[in-house]
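Each chain, written out:
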Amino acid sequence: MTYTTITYEAGDDGVAVVTLNRPERYNAFDATMCDELADVWAVLRRNDDVRAVILTAAGDKAFCTGIDRSDVPADEDSYDFSPYTYEDPGGRIGPKSAQLWKPVIAAVNGMACGGAFYLLGEVEFIIAAEHATFFDPHVTYGMPAVFEPTLMQSRMPFGEIMRLTLLGNHERMSAKRAHEIGLVSEVVPADRLLDAARWAAAAIASAPPAAIQATLRTLWAARDLPRAQAVDLGNTFLNLGISQQGLAEGQMTFASGARLTPRVR
């Protein structure tokens, strides 16, 4: 696979790394990056050798700053926000929007703002470098913030997403504060960011993939559906992710007496 705005690499441990690669534009997405992200998620969906994915970005200044505003027309007559014809450019860059139901871990290495939330709203969890920041500049530039905070609302307390969205460019949320409110699961020094993400991804990839994917689908359904409906779907996901072979292998692992030494976070 050859891309111009992202890079892709897959290791022997079942982990793939997708890197946004426009550091000179703070990894903002243009039409080409939208196309390439949609393509790489489709490729990963079909690649059974990949069982977990890391999403990160080149450089140390920004993870992603949303849409590349140099691609936005300056002529007001060029804008079309009709509810019948408008196609949101960020609506297809997220892994879940592309039906990739494999674990994706975001490793945030700098600013994450605006359209970056299309990506962060569809990953399993986020690990951030200590200098990472989160903000949404839409209202500062005269645009209502709609899709991005909607995707992020389930990850943050209501007051926090409201504050982040309404203050626009006037305030940035630090990685420390993001960790305090549960948006970020871990904060590490910048030089340890990829190592931390690789450790988590490799640990996930070591488990039977059917069990991981069924668990992942269950938890996303539980987040989005009323509790009773999510519980009713439980047997469906259980049957999708369980097998006699998997159960036998798990029992053999248990019976062997071998135990992992867990890391305490």
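Draft legend 1. Quick look at the packing of aromatic side chains. For the structure on display, the rule yields 1 aromatic pair. Taking the ring centre of Trp101 as reference, the NZ or CZ of Arg217 above it sits at 4.0 Å. Arg263 extends its terminal NZ or CZ atom over the ring of Trp199, reaching a point 4.8 Å from the ring centre.

Draft legend 2. Region of interest: the packing of helix 7 (residues 209–224) against helix 9 (residues 234–241). The contact between helix 7 and helix 9 brings their axes to 8 Å, and the two run at 160°. Classified by the angle between their axes, helix 7 and helix 9 sit roughly antiparallel to one another. In this structure, helix 7 crosses over helix 9, and the sense of that crossing is right-handed. Of helix 9, the residues touching helix 7 (which contributes Ala210, Ala211, Ala214, Arg217, Thr218 and Ala221) are Phe237, Leu240 and Gly241. The residue makeup of the contact of helix 7 with helix 9, split by class, is 6 nonpolar, 2 polar and 1 charged.

Draft legend 3. Region of the structure containing the pattern of salt bridges. For the structure shown, the criterion picks out 12 salt bridges. Its salt-bridge partner being Asp68, residue Arg22 comes within 3.1 Å of it at the nearest N-O pair. A residue pair is termed long-range when its members are at least 10 positions apart, and Arg22 in the loop between strand 2 (15–20) and helix 1 (31–46) and Asp68 in the loop between strand 4 (62–64) and strand 5 (104–108) qualify at 46 residues. In this pair, the class of Arg22 matches that of Asp68, namely buried.

The rules behind each value
Residues numbered from 1 in each chain as written. Predicted model: local features only at pLDDT ≥ 70, side-chain atom pairs only at ≥ 80, totals over all residues. Heavy atoms only, no water. Phe/Tyr/Trp six-rings, centres within 6.5 Å; stacked < 30°, edge-to-face > 60°. Lys NZ or Arg CZ within 6 Å of the ring centre and 35° of its normal. Axes fitted to C-alpha atoms, helices over the stretch in contact; angles between N-to-C directions. Helix = DSSP H or I, 4+ residues; strand = E, 2+ residues; numbered from the N terminus. Parallel < 35°, antiparallel > 145°, perpendicular 65-115°, else oblique. Left-handed = near helix turned anticlockwise from the far one by under 90°. Contact = heavy atoms within 4.5 Å. Nonpolar A, V, L, I, M, F, W, Y, C, P; charged D, E, K, R; others polar. Salt bridge = Lys/Arg side-chain N within 4 Å of Asp/Glu carboxyl O. Buried < 20%, exposed > 50% of the residue type's maximum accessible area, 1.4 Å probe, protein only.

The values reported here are purely geometric and, on their own, carry no functional implication.
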